[in-house]
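Fold and geometry: a report
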Amino acid sequence: MTAVDELLAIGDDALVAAQRLGEWCSRGPEMEEDVALANVALDQLGVARLVLSYAGEADGRTEDDLAYLREDFEFRNCLLVELPNGDFATTIGKLLLLSGYQKPLYESLVDGPDERLGAIADKARKESAYHLEHSALWTVRLGDGTDESHRRMQAAVDELWPYTHELYAGNGAWLSTVESVLAEATLERPDGGWQPGGGRRGVHTEHLGYLLAEMQVLHRAHPGARW
Amino acid sequence: MSNEWPLWEVFIRARRGLSHTHVGSLHAPDATVALHHARDVYTRRQEGVSIWVVPAAAITASSPDEKDAFFDPAADKVYRHPTFYAVPEGVAHL
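The residue count restarts for each chain, going from 1 along the sequence in the order it is written. Here chains are named by letter from A upward and ligands by number from 1 upward, in the order in which they appear as written. Given that the model is predicted, a residue must reach a pLDDT of at least 70 before its local features are reported, and side-chain atom pairs must reach 80 or more before they are shown or counted; all residues, however, enter totals for whole chains, interfaces and linings.

Moving on: the overall build of chain A. A run of DSSP states H or I qualifies as a helix once it reaches four residues; a run of E qualifies as a strand once it reaches two. Both are numbered from the N-terminal end. Helix and strand counts for chain A come out as 10 helices and 0 strands. Each of the three principal axes of chain A carries a C-alpha extent, and together these read 50 × 40 × 30 Å. Burial is judged by counting the other C-beta atoms within 10 Å of a residue's own C-beta: 20 or more makes it buried, 12 or fewer makes it exposed, and any count in between marks it as partly exposed, with every C-beta position built from the backbone. Out of the 227 residues in chain A, the part that is buried amounts to 43%. It is the C-beta atoms, placed from the backbone, that decide contacts: two residues are in contact if theirs lie within 7 Å. Nonlocal contacts in chain A, meaning residues at least 24 apart in sequence, comprise 76% of its contacts between residues at least 6 apart.

Below, the discussion takes up the interface of chain A and chain B. Chain A puts 7 residues into the contact, and the matching count from chain B is 11 residues. Put simply, the parts of the chain that give the side of chain A that touches chain B at least two residues each are α2 (31–56) and α6 (115–143) of chain A.

This part is about the confidence of the model for chain B. Per-residue confidence for chain B averages 88 on the pLDDT scale, and 97% of its residues sit at or above 70. For this predicted complex, the interface score ipTM comes out at 0.75, while the overall pTM is 0.87. Along the chain, pLDDT gives the predictor's confidence residue by residue, from 0 to 100.

Residues and elements named next belong to chain A. Between the N-to-C directions of two axes lies an angle of 0 to 180 degrees, each axis being a line fitted to C-alpha atoms and, for a helix, fitted only over the stretch in contact. Contact geometry of helix α1 (residues 3–22) with α2 gives a least axis separation of 7 Å together with a crossing angle of 155°. In terms of axis orientation, α1 runs roughly antiparallel to α2. In this structure, α1 crosses over α2, and the sense of that crossing is left-handed. Of the residues in α2, those in contact with Val4, Leu7, Leu8, Ile10, Gly11, Ala14, Leu15, Ala17, Ala18, Leu21 and Gly22 of α1 are Leu37, Val40, Ala41, Gln44, Leu45, Val47, Ala48, Val51, Leu52, Tyr54 and Ala55. Orientation categories follow fixed angle ranges, with anything under 35 degrees roughly parallel, anything over 145 roughly antiparallel, 65 to 115 roughly perpendicular, and all other angles oblique. Take the far helix as the reference: if the near one is turned anticlockwise from it by less than a right angle, the crossing is left-handed, and if turned clockwise, right-handed.

This part is about the environment of A:Cys25. All names here are of chain A. Note that Cys25 resides in the loop between α1 and α2. Residues Cys25 and Ala38, 13 residues apart in the sequence, show an inter-C-alpha distance of 6.3 Å. Cys25 has contacts with Asp34 and Ala38, leaving out every residue within four places of it along the chain.

Here we come to the confidence of the model for chain A. Per-chain confidence: chain A averages 94 in pLDDT, with 99% of residues scoring 70 or above. For chain A, per-element mean pLDDT is lowest for helix α8 (residues 165–168) of chain A, which scores 86, and highest for helix α4 (residues 79–82) of chain A, which scores 98.

Now for the packing of helix α5 (residues 88–110) of chain A against helix α7 (residues 147–160) of chain A. Residue and element names in this part refer to chain A. Put simply, α5 and α7 touch, their axes get as near as 8 Å, and they point 50° apart. Regarding the angle of α5 to α7, the classification is oblique. The element α5 and its partner α7 pack so that their crossing is right-handed. Mapping the contact onto sequence places Ala89, Thr90, Gly93, Lys94 and Leu97 in α5 and Arg152, Met153, Ala156, Val157, Glu159 and Leu160 in α7. Tallied by class, residues from the contact of α5 with α7 come to 6 nonpolar, 2 polar and 3 charged. Ten residues, namely Ala, Val, Leu, Ile, Met, Phe, Trp, Tyr, Cys and Pro, are considered nonpolar, four, namely Asp, Glu, Lys and Arg, are considered charged, and the remaining ones, Gly among them, are considered polar.

Strands belonging to one sheet form pairs held by backbone hydrogen bonds; the direction of such a pair is parallel or antiparallel. Residues and elements named next belong to chain B. The strand order β2-β1-β3 describes an open sheet built from 3 strands, whose pairing is antiparallel. Both outer strands of the open sheet, β2 (21–27) and β3 (50–55), are each paired with one neighbouring strand and no more. Ignoring which end each strand starts from, the neighbouring axes of this sheet average 30° apart. One bridge is not enough; two strands pair if DSSP finds at least two bridges between them. Examined bridge by bridge, strand β1 (residues 7–13) and β3 share 6 bridges and lie antiparallel to one another. Bridging across to β3, Phe11 finds its partner in Trp52. Across the sheet, helix α1 (residues 31–42) lies against β1, β2 and β3, angled at about 130° from β3, the strand it touches most.

All right, on to α6(A) then. Since the α-helix packs 3.6 residues into each turn, any two residues three or four apart lie on the same face. With 29 residues, α6(A) should cover 42 Å at 1.5 Å per step; its first-to-last C-alpha distance of 40 Å lies within 8% of that length. One axis fitted to the seven residues ending at a residue, another fitted to the seven starting there: the angle between these axes is the bend at that residue. Along α6(A), the sharpest change in direction is near 30° and occurs at A:Ala124. What a helix should span is 1.5 Å times the count of its residues minus one.

This brings us to unusual backbone geometry. Glycine aside, the phi torsion of most residues is negative, and most peptide linkages are trans. The phi angle at A:Ser26 is positive, at roughly 75°, despite the residue not being glycine. Topologically, A:Ser26 is positioned in the loop between α1 and α2.

Right, here's the structure in full:
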């Protein structure tokens, strides 16, 4: 991967996660949780804007060019973030697995060779720590809750687990973080199974195309539209 | 409506040195989630440095029906107000 591809991977993860989480707006299980998910979405969007602006400077593209005018095969996000929200347990599961990955990633970038990316990561890691705390809290409550909430949370983890291979690929910090949350939630960690990948190379699931269609339609119909 | 989450009252301290002030209420299944929700609902614009959440059911409030008995007797006791001595010159905050 080139340096730009690495920036796109970080920015696109955040952008697509923000768009998906935004779909919960006005549909949260409770008003308070609705606001919480929207806050997380806005955090992700904030990181996406900073990172994509940076990534675009190499060839003179703006953050909007990158967000609104690329085709799905040009996106470098992991497959996990583009998967549909499913039920609340699936959304929480996605956020747990994602923030468990983003937090140590941002922390590692803070003192990295790229100072500008480090400054962005320094802001993002605090937000990410909260995303992890919030999703872990819900994972434990649902997993160690009623029979029905346990069933749904386990089903969510089982469904999402294959997509984490692309994320951690041997990252011990990620695995120990997620494993301890699953253990506290009385959930079983899925073992093995298939390992879909390709997001970092632009090979995506069918879901990304629909997500982008909705996200990009306004800008493509009215180029440069502003509030 | 037994499935509804219980109500919590939220108190936020805006800055060090100030006391916690009641800012509103919210629904949450337990105290930890209530804190998270309070953070998300009431401190999005840097309103505070510390949050308290208290189960609304744990608050004992004075009754509006007893308003007269509680508060009216204080109205005609002027000697309880510090109005019978002169404020020394140069004292700005008393």
